[in-house]
Amino acid sequence: MGSTPLADPAASARVPSNPCRLYVAWQDPVSREIVPVGCLSRDTSNGGLTYEYAYLRCAARLDGFRPFVGFPAMDRTYRSSDLFPFFENRLMPRGRDDYGEFLVSLGLPLEAEPFEVLARSEGRRQTDTIEVFPEPSVEDGIASCRFLVHGIRYVPGSQDAIESLVTGDSLRVVLDPQNRVDRCAVVLRDDAYHLLGWVPRYLTSLVRTPLAELGPDAVEVHVEHIGDREGPVHLRLLCALESRWPGGAVMPFSGPDFEPLPERG
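Description of the structure in this document. (Residues numbered from 1 in each chain as written. Predicted model: local features only at pLDDT ≥ 70, side-chain atom pairs only at ≥ 80, totals over all residues. Heavy atoms only, no water.)

**A short note on the state of the cysteines**
Stated formally: Cysteine sulfur atoms that pair up within 2.5 Å are treated as a disulfide. Relative accessibility thresholds used throughout: buried, under 20% of the residue-type maximum; exposed, over 50%; partly exposed, between the two (1.4 Å probe, protein chains only).
According to the stated counting rule, one finds 0 disulfides in the structure shown. Not part of a disulfide, C184 finds its nearest cysteine sulfur in C58, a span of 16 Å. A relative accessible area of 40% places C184 in the partly exposed class.

Below is the structure:
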């Protein structure tokens, strides 16, 4: 299933480079399902800086989920003028000699703020099951976001195929219903039919809904940055996604499950 450009290459400017809200996703160790369970926001409206973290309603219904360290009460909204240690510890320390190279691998400038670095890097560690991703935006009927391609290590030949890509290349989205882990999976390929990896599971609705409602020309994915082959594989390929959002369809990441758990007095 292919995609055609929705706009000129400069359209990636529609995707906010410095988002104000990030979702925190947790992977169930049994089902392997990845579910958004919390929301981290940043507010600069009053000239200052305030971070807020709250659990989402859907987190209370998940068997096996336990509150994160530093956020023990699921019915409380946490506020701080500094980035919470739980998230700060998911960032590479600025003092490391290779910090600049790390930002380059993310396609970010050296002056990028920690919140922006967290949004782009997904805050992933090899030792846990938590990911962070920015809230997709919807503007003028176009849903858009950036994402790191998942599962590259599991696709034979993907590294060589990525080597042949250049920034701005369009990629094709292909529904992957025979995927044993996730029947809603969406795989990416290049024009030479080489498979590259997958759209993150929590973003597949941004592909599947427009395709089902509007057809194959409703979605565009293009290469935004190619990381060093010798670097972390999960930072290898950064893409931008844009899709025409069907009128009347439920907006991405909306509804009761994505509301914060109410605070108790």
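Picking up where we left off.
**Re helix 5 (residues 205-214)**
Structurally, the α-helix is built with 3.6 residues per turn, so residues lying three or four positions apart point the same way. As a reminder of what qualifies: Put simply, DSSP marks the helices as runs of H or I at least four residues long and the strands as runs of E at least two long, and each gets a number from the N terminus on. An arc is given here, and it is the one of the directions from the helix axis to the C-beta atoms. It only takes one pair of heavy atoms within 4.5 Å for two residues to be counted as in contact.
Considered for burial, the residues of helix 5 that qualify are L206, V207, P210 and L211. For helix 5, the angular spread of buried residues about the axis comes to 115°, placing them on one side. Exposed and facing more than 90 degrees away from the buried side of helix 5 are A212 and E213. On its buried side, helix 5 packs onto strand 7 (142-148), strand 8 (170-175), strand 9 (186-189), strand 11 (219-226) and strand 12 (237-244). Of the residues trailing helix 5, G215 is marked for its positive phi of about 100°.

**Structural notes on the sheet that holds strand 11**
Which entries qualify depends on this criterion: Two strands make a pair as long as DSSP finds a minimum of two bridges between them. In this analysis an axis means a line fitted to C-alpha atoms, helices contributing only their contacting stretch, and an angle means the value between N-to-C directions, from 0 to 180 degrees.
Spatially, 6-7-12-11-8-9-10 is the arrangement adopted by the 7 strands of the open sheet, whose pairing is antiparallel. Edge positions in the sheet fall to strand 6 (137-139) and strand 10 (195-198), since each of these pairs with one other strand and no more. Here the strands of the sheet are splayed against their neighbours by 30° on average, with no regard to which way each runs. Of the strand pairs in this sheet, strand 9 and strand 10 are connected by 3 bridges, and their pairing is antiparallel. When the bridges of strand 10 are listed, R189 appears paired with L195. Its contacts with the sheet put helix 5 on strand 7, strand 8, strand 9, strand 11 and strand 12, and the angle it makes with strand 12 is roughly 35°.

**Section: the pattern of salt bridges**
What counts is decided by this rule: Salt bridge, as used here, is a side-chain nitrogen of Lys or Arg placed within 4 Å of a carboxyl oxygen of Asp or Glu.
A full pass over the atoms with the stated rule returns 11 salt bridges. Linking R21 and E135 is a salt bridge whose minimum nitrogen-to-oxygen distance equals 2.6 Å. In this pair, R21 sits in strand 1 (residues 21-27) while E135 sits in the loop between strand 5 (130-134) and strand 6, placing the two residues 114 residues apart along the sequence. Between R172 and D191 there is a salt bridge, with the nearest N and O atoms lying 2.9 Å from each other. Separated by 19 residues along the polypeptide, R172 in strand 8 and D191 in the loop between strand 9 and strand 10 bring together distant segments of the chain.

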